[in-house]
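Letter by letter, the chains look like this.
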Amino acid sequence: MRYRTLGSTGLMVSEIGFGGEWMDRSPEETLAVVRAAEEAGINILDCWMNDATRRSNLGDALRELDSRERWVIQGHLGSVTVDGQYTRTRDLDLVRPAFEDLLERFHTDYVDLGMIHYVDKVEEYERIVLGDSPFMRYVRELRAAGTIRHIGLSTHNTEVARRVAENPEIEMMLFSVNPAFDMMPATENLDDLFGDYTGVGEGGINADRAELYARAEETGTGITVMKGYAGGRLLDAATSPFGVALTPVQCIHYALTRPAVASIMVGFSTPAHVVEAVAYETASVEERDYASVLAGAPRPKGIDIPTVNKFYDLAALHNEVPDSVRDHYRALDAHAGDCIACHACEGRCPFGVKVADKMAAAAGLFGL
């Protein structure tokens with residue numbers, strides 16, 4: 001296992017980390033995963049989930065292995081349970097007991113990285129973090145007391161992340177990094193990150209995100225990575241926005257080759273998942289290569305979806321496609337048959353249209 005310095009914190013963290021979100025198994029299974037992670041040299045754990053059982057199982061595993069001091073823990077402030085449901089909040093009546101619960105279940109009196117949880121709107125960042133908010137005063141109190149050793153923040157938003165990189169009070173961030181997200185513009189809506197993508201070799205990495213990574217490197221703002229597999233989408237050709245599947249090793253390599261990135265938090269729920277991820281450490285150049293895979297991937301063709309739908313609806317009114325409609329359709333630069341059925345655009349459609357199905361129907365009707 002290789003280790004990297006996490007920005008200006010001075011902490012040495014394993015380049016492959018443990019994202020605790022998926023560790024929803026029994027205490028015995030949790031212990032087995034934690035033991036496998038430790039044996040592989042993994043030493044950083046992200047724990048945002050508010051589920052009491054997962055917190056307890058992970059904390060008990062660390063106690064069983066007498067290994068708390070070997071782990072760098074990212075513990076989140078603002079992830080709470082309300083009526084049995086996960087909620088993010090800045091209400092100290094909820095934030096404080098939830099964080100104290102985390103400490104108790106992990107059998108510790110501190111976390112290494114106190115994460116301001118999930119700030120995806122610039123307005124909220126300015127109000128909560130830059131303003132003299134009760135929430136931020138609490139974070140500073142914890143930092144002064146040593147209950148959190150360093151202040152971090154988690155976000156999916158490039159603009160928020162850029163502002164974090166300029167804020168010396170926040171030493172690191174947990175940020176969503178993968179080749180699909182890096183081809184998207186900045187957004188305050190997480191759902192947009194699963195929308196339409198430009199292709200590698202056409203649009204390339206989004207300039208704002210490239211600038212963010214470079215600036216974080218310059219300011220010493222360390223990055224740990226979430227969503228490295230895009231929620232598993234990149235591992236399956238049927239759900240990958242590129243139309244091809246990447247391997248865990250390729251996704252990990254992509255994240256770890258971004259400037260300022262120190263570690264990627266990989267979700268484990270079995271020891272096999274640990275083995276799958278740490279295979280990166282001994283993978284060949286060819287096994288790590290993601291660029292050649294993406295370069296040959298099918299890409300969206302710039303289909304004028306509303307016009308295709310219009311011609312399809314006009315043609316469907318007749319028993320046979322009128323020549324005038326067919327000719328106009330054929331004159332389009334791209335046709336329904338060019339659709340790669342990635343379903344990416346459907347999440348942005350305000351009318352809930354099943355675009356891929358419509359494109360398949362139009363291609364069948366017009367023959368291309």
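Just above sits the structure.
Scoring rules and cut-offs
Residues numbered from 1 in each chain as written. Predicted model: local features only at pLDDT ≥ 70, side-chain atom pairs only at ≥ 80, totals over all residues. Heavy atoms only, no water. Axes fitted to C-alpha atoms, helices over the stretch in contact; angles between N-to-C directions. Helix = DSSP H or I, 4+ residues; strand = E, 2+ residues; numbered from the N terminus. Contact = heavy atoms within 4.5 Å. Buried < 20%, exposed > 50% of the residue type's maximum accessible area, 1.4 Å probe, protein only. Lys, Arg positive; Asp, Glu negative; His and termini not counted. Salt bridge = Lys/Arg side-chain N within 4 Å of Asp/Glu carboxyl O. Core = buried A, V, L, I, M, F, W, Y, C linked by side-chain atoms within 4.5 Å. Arc of directions from axis to C-beta. Phe/Tyr/Trp six-rings, centres within 6.5 Å; stacked < 30°, edge-to-face > 60°. Lys NZ or Arg CZ within 6 Å of the ring centre and 35° of its normal. Parallel < 35°, antiparallel > 145°, perpendicular 65-115°, else oblique. Left-handed = near helix turned anticlockwise from the far one by under 90°. Nonpolar A, V, L, I, M, F, W, Y, C, P; charged D, E, K, R; others polar.

### Overview of the packing of helix α4 (residues 122-130) against helix α6 (residues 158-165)
Across the interface, α4 lies against α6 with an axial gap of 9 Å and an inter-helix angle of 35°. Residue-level contacts link Val122, Tyr125 and Glu126 of α4 to Glu159, Val160, Arg163 and Val164 of α6.

### Remarks on the side chain of Arg258
Turning to its location among the elements, Arg258 is positioned in the loop between α8 (248-256) and β12 (261-267). Comment: no salt bridge for buried Arg258; closest opposite-charge side chain is Asp182, at 4.7 Å. Each residue touching Arg258, except ones within four places of it in the same chain, is listed here: Val177, Asp182, Ile205, Tyr213 and Tyr290.

### Quick look at the pattern of salt bridges
With the rule as written, the count across this model stands at 23 salt bridges. Its salt-bridge partner being Glu15, residue Arg2 comes within 3.1 Å of it at the nearest N-O pair. Residue Arg2 is located in the segment before β1 (3-5), and its partner Glu15 is located in the loop between β2 (12-14) and β3 (16-19); the two are separated by 13 residues in the primary sequence. Given a relative accessible area of 38%, Arg2 falls into the partly exposed group.

### Some points on the nonpolar core
As a rule of thumb, soluble globular proteins bury nonpolar side chains together. Formed by 79 residues in total, the largest nonpolar core has its most connected members in Phe18 and Ile116. Take this core: its biggest share by element is six residues, from α8. Residues in contact with Ile116, not counting those within four places in the same chain, are Leu77, Arg90, Val129, Phe135, Met136, Val139, Ile151, Gly152, Leu153, Ser154 and Ile170.

### Considering α4
For α4, the full list of buried residues reads Val122, Glu124, Tyr125, Ile128 and Val129. The buried residues of α4 occupy an angular sector of 150° when the element is viewed end-on, so they sit on one face. Among the structural elements, β7 (85-88), β8 (111-116), α5 (134-145), β9 (148-155) and α6 are those in contact with the buried residues of α4.

### As for the packing of aromatic side chains
The final tally for this structure, using the stated rule, is six aromatic pairs. For the pair Tyr254 and Tyr290, a centre-to-centre distance of 5.0 Å together with 75° between the ring planes defines the contact as edge-to-face. Taken as a pair, Tyr254 in helix α8 and Tyr290 in the loop between α10 (285-288) and α11 (291-295) lie far apart in primary sequence, 36 residues in all. When sorted by exposure, Tyr254 lands in the same class as Tyr290, which is buried. Taken together, the ring pairs connect Phe18, Trp71 and Phe268 into an aromatic cluster. Above the face of the Tyr110 ring, Arg68 is positioned so that its terminal group lies 4.2 Å from the ring centre.

### Observations regarding the packing of helix α1 (residues 27-40) against helix α9 (residues 271-278)
Remark: α1 packs on α9, axes separated minimally by 8 Å, with the N-to-C direction vectors making an angle of 25°. When the axes of α1 and α9 are compared, the pair comes out roughly parallel. In this structure, α1 crosses over α9, and the sense of that crossing is right-handed. Touching Ala32, Val33, Ala36, Ala37 and Ala40 of α1 are Pro271, Val274 and Val278, all from α9. Here the contact of α1 with α9 is built from residues that sort into eight nonpolar, no polar and no charged.

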